[in-house]
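Inside the fold
Read off the chains here:
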Amino acid sequence: MVINPLENWENLRYNIYENYYRKAGMNMANANMEALGFKKLTTEEIEAAGFNPFKMIGKDWMLVTAGDESSWNTMTASWGFMGIIWGKPAVMAVIRPQRYTKEFIDNSDYFTLSFFDEDMRSALLYCGKYSGRDVDKEKETGLKPICIDGSVSFEQAKTVVVCKKAYAQDMSEDCFADKGAVSAWYPDNDYHTSYIGEIVSVYVK
Ligand SMILES: Cc1cc2nc3c(=O)[nH]c(=O)nc-3n(C[C@H](O)[C@H](O)[C@H](O)COP(=O)(O)O)c2cc1C
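If you're wondering where the values come from, they're calculated on a predicted model, not measured in any experiment.

The number of helices and strands found in the protein is 7 helices and 10 strands. Per-residue burial for the protein yields a buried fraction of 30% across its 205 residues. Within the protein, counting contacts between residues at least 6 apart in sequence, those at least 24 apart form 71% of the total.

Given below as structure tokens:
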């Protein structure tokens, strides 16, 4: 057997870092986003990008993902907001209590919103139909997870929005001015939790 000292050193280095990150309870190092074809936007570029949340979230849908390289979950969402709050660009995702992904968002400081081209629609349909409690979404969809800025997204995404969790609040029946929404959307009383996330980085292809 020929031992390649350089390759061995790379493996050793990788293991040292991996153990360090795991022991510290931290995420692994970032994916090389540039090598994967992503460009990181500056704050000015984020504001100038002209994202259309009505289309991106409402029509194209997104994956909401949280966790780290060893344990993460993702689900499809088509409800949410993008805008400005507390002087910063932010998003809101609304997650029902029974979603497995909610556990990951609750236990994480960060979450991501990932947007895809139409060819990934079937993967989004799958992630919106089945729970990560019952299936392996990575295996079933071919989604390739990547670690990015303290959270997880996917190689196939065309836009990745990394968010720092800033605020979480359970919706409550008393607070609905529009009682019609209660009967239309919450016959099982499974009110969404709304999560506001400050946008910390955006990557586009
Ligand atoms: C198009 C579409 C949009 C969805 N939007 C939301 C949403 O905004 N909030 C939510 O809680 N669930 C939404 N869902 C349902 C979750 O994606 C679905 O229950 C998923 O299986 C949850 O997976 P998990 O248990 O692995 O987290 C949506 C599903 C689809 C197909």
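All right, on to the site of the ligand then. Near the ligand there are 19 residues, and of these Y100, T101, G128, S131 and G132 occur at the shortest range. Secondary structure elements with two or more residues in the shell around the ligand: β3 (71–77), β5 (88–95) and α4 (100–106). When its residues are assigned to classes, the shell around the ligand shows 8 nonpolar, 7 polar and 4 charged.

In this section: the environment of M75. Mapped onto the elements, M75 comes out in strand β3. A count of 26 C-beta atoms within 10 Å places M75 in the buried class. As a C-alpha pair, M75 and M62 span 13 residues in sequence and 8.2 Å in three-dimensional space. Residues in contact with M75, not counting those within four places in the same chain, are L63, V64, R99, T101, C127 and G128.

On average, residues of the protein carry a pLDDT of 91, and 86% of them reach 70 or more. Contacts of residues 19–27 to residues separated by more than four positions or lying in other chains number 7 contacts, the stretch itself having pLDDT below 50.

Rules and cut-offs
- Residues numbered from 1 in each chain as written.
- Predicted model: local features only at pLDDT ≥ 70, side-chain atom pairs only at ≥ 80, totals over all residues.
- Helix = DSSP H or I, 4+ residues; strand = E, 2+ residues; numbered from the N terminus.
- Buried ≥ 20, exposed ≤ 12 C-beta atoms within 10 Å, placed from the backbone.
- Contact = placed C-beta atoms within 7 Å.
- Near = placed C-beta within 6 Å.
- Nonpolar A, V, L, I, M, F, W, Y, C, P; charged D, E, K, R; others polar.
- pLDDT = per-residue confidence, 0-100.

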